[in-house]
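# Topology and contacts: notes
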Amino acid sequence: FSCFSVLTGVLDDCLCDIESIDDFNTFKIFPKIQKLQERDYFRYYKVNLKRPCPFWADDGHCSIKDCHVEPCPESKIPVGIKAGSSNKYSKAANNSKELEDCEQANKLGAVNSTLSNQSKEAFIDWARYDDSQDHFCELDDERSPDAQYVDLLLNPERYTGYKGPSAWRVWNSIYEENCFKPRSVYRPLNPLAPSRGGFCLLVSFLFSSTGLCLEKRVFYKLISGLHASINLHLCANYLLEETWGKPRWGPNVKEFTRRFDPIETKGEGPRRLKNLYFLYLIELRALSKVAPYFERSVVDLYTGNGHEDAESKALLLEIFRDTKSFHMHFDEKSMFAGDKKGAKSLKEEFRLHFKNISRIMDCVGCDKCRLWGKLQTQGLGTALKILFSEKEIQNLPENSPSKGFQLTRQEIVALVNAFGR
């Protein structure tokens, strides 16, 4: 507990103290988020765990049994979730899907008579490119035969035994992305060259004291906070012993101390935990900002079970009301507030660096670690997308589908579960 004895006071880069966050989360937010995560709409996440690593030759998958992810049989997936396409999540949208498909087929039929197959593929690629311009993450193709639904409640985040050079290389590469290197530098750099990775970490560590811009400090804190969150959950749900094939999972204080104690980490442990609080504030702010999107009657969180869908939406709106009542939100307006040209360039660089980090998650050798890494990265990416889309959210039409801003069901599920973590 020596870690928490020094974890007090105001966080850097925001006017919020740790004690206020603890009280707000413990008594208002956490119990409701837990209930929401147990509902069908939020417990099933579609993910492709077979995408190849885009940065280096695959190390091979972890053979430890606890690394395995058990996909959900099709028969267990609620009919409304299976029926809807990736960005349709209301009853009206699903009921009109057949008509939309028919109209789309007619449009494509008219085009197909005059275009080659190569041109048609190009148009599809252009459409995907346009759709991806506000994304901070590399999204899985849900139509891929390798994409499967996973029940998050039956595949909890916990320590699997995955460690060593393979895991180290992933995190080293993630932190290398934080350095905002010129595009000409190959990434990731040699992960086994400790001086390069160590230098990059040192640069990141010194952001707050060298006067480098808020955006880059925020970027580092978010990645560090994500790292701390994952490590904290591995320590909290650790395989303590296995007798006669019956595993006993629980908190591992020794492991927690090794990763976070001030003495063991030469003072870095409390900073890592503070960055976890900073991550919490960023995602909390995103939830408060996206509330108008879900308050519209057109959004149903559709699973096919009308009673449960209504309860899920009511609980989500209650959480939104709670987030708005928090009086010490992070002020995202201070980011990218310079001259328009420079701010736009920096924002795009910010987005592309985070997108590369989401791609690195496909290099994780343990399926369960990859699942939760991808989900939490997509959740954070969705939070960033929301914070940079405030005007689009404010101008949403009340009774028709979104045009300027929309979230896929995958993004919604990832956002809620990442914040729940």
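Quick caveat, the model's predicted, so the values are computed rather than measured.

Space left empty within the atom packing is revealed by a probe, the size of a water molecule, rolled over the atoms. In this structure, the second largest pocket spans a volume of roughly 1,400 Å³. Looking at the lining of the second largest pocket, the elements that each hand over two or more residues are α1 (2-5), α2 (18-37), α11 (214-236), α12 (253-260), α13 (268-295), α16 (367-387) and α18 (409-420). Top element by residues in the lining of the second largest pocket is α2. It accounts for 11 residues.

Attention shifts here to the packing of α2 against helix α14 (residues 306-325). One way to put it is that α2 packs onto α14 with a least axis distance of 10 Å and a crossing angle of 160°. In this view, α2 runs roughly antiparallel relative to α14, as classed from their interaxial angle. Between α2 and α14 lies a crossing of left-handed hand. Contact residues: α2 offers F24, K28, I29, K32, I33, K35 and L36, while α14 offers S312, L315, L316, E318, I319, D322, T323 and S325.

Successive residues of a regular strand alternate their side chains across the two faces of the sheet. Burial within strand β1 (residues 44-48) is extensive, with five of its five residues counted as buried. Because side chains alternate across β1, one face comprises the buried residues Y44, K46 and N48, and the other comprises Y45 and V47, equally buried. Two elements, β1 and strand β2 (residues 147-151), share five bridges in a ladder whose sense is antiparallel. Note on β2: the bridge partner recorded for V47 is Q148.

For α18, built from 12 residues, the straight-helix expectation of 16 Å at 1.5 Å per residue is met to within 8% by its first-to-last C-alpha distance of 17 Å. Counting buried positions along α18 gives 12 out of 12 residues, so the element sits mostly inside the fold. R409, Q410, E411, I412, V413, A414, L415, V416, N417, A418, F419 and G420 are the residues of α18 that are buried.

Here the chain shows a mean pLDDT of 80. Residues at 70 or above account for 76%. Summarising per-element confidence for the chain, the mean pLDDT is lowest in helix α6 (residues 97-112) (41) and highest in helix α3 (residues 40-43) (97). Here residues 181-210 is modelled with pLDDT under 50, and outside its nearest four sequence neighbours on either side it reaches 41 contacts, counting other chains as well.

Sheet analysis places strand β3 (residues 238-243) next to strand β4 (residues 246-250), joined by five bridges and oriented antiparallel. Considered in β4, the bridge of E241 is made with R248. Where β3 hands over to β4, the hairpin turn is made up of two residues, of which W244 adopts a positive phi near 55°.

Next up on the list: the UniProt feature "active site" (unreviewed entry) in the chain. According to UniProt, the positions carrying the feature "active site" (unreviewed entry) are C366 and C369. Inspection of the secondary structure assignment puts C366 in the loop between α15 (340-360) and α16. For C366, a relative accessible area of 0% gives the class buried. Apart from residues lying up to four places away in sequence, C366 is in contact with C62, C67, T160 and Y162. C369 has contacts with T160, Y162 and V364, leaving out every residue within four places of it along the chain.

Attention shifts here to the pattern of salt bridges. On inspection of all chains with the given rule, the structure shows 20 salt bridges. Among the ionic pairs, D322 bridges to K32, the shortest N-O distance being 2.6 Å. Within this pair, whereas D322 is found in helix α14, its partner K32 is found in helix α2, the two being separated by 290 residues in sequence. Like D322, the residue K32 is buried in the burial classification. A salt bridge links R271 to E268, with the nearest nitrogen and oxygen atoms 3.1 Å apart. Of this pair, R271 and E268 are both found in helix α13, three residues apart, which corresponds to roughly one turn of the helix. By relative accessible area, E268 is classed as buried at 18%.

Definitions and cut-offs
Residues numbered from 1 in each chain as written. Predicted model: local features only at pLDDT ≥ 70, side-chain atom pairs only at ≥ 80, totals over all residues. Heavy atoms only, no water. 1 Å grid on protein atoms, 1.4 Å probe; cavity = no way out; pocket = protein on both sides within 12 Å on 5 of 7 lines; lining within 4 Å. Points joined across faces, edges and corners; volume = space filled by probe spheres on them. Helix = DSSP H or I, 4+ residues; strand = E, 2+ residues; numbered from the N terminus. Axes fitted to C-alpha atoms, helices over the stretch in contact; angles between N-to-C directions. Parallel < 35°, antiparallel > 145°, perpendicular 65-115°, else oblique. Left-handed = near helix turned anticlockwise from the far one by under 90°. Contact = heavy atoms within 4.5 Å. Buried < 20%, exposed > 50% of the residue type's maximum accessible area, 1.4 Å probe, protein only. Pairing = 2+ DSSP bridges. Expected span 1.5 Å × (residues − 1). pLDDT = per-residue confidence, 0-100. UniProt positions renumbered as here; feature names shortened; annotations may be inferred. Salt bridge = Lys/Arg side-chain N within 4 Å of Asp/Glu carboxyl O.

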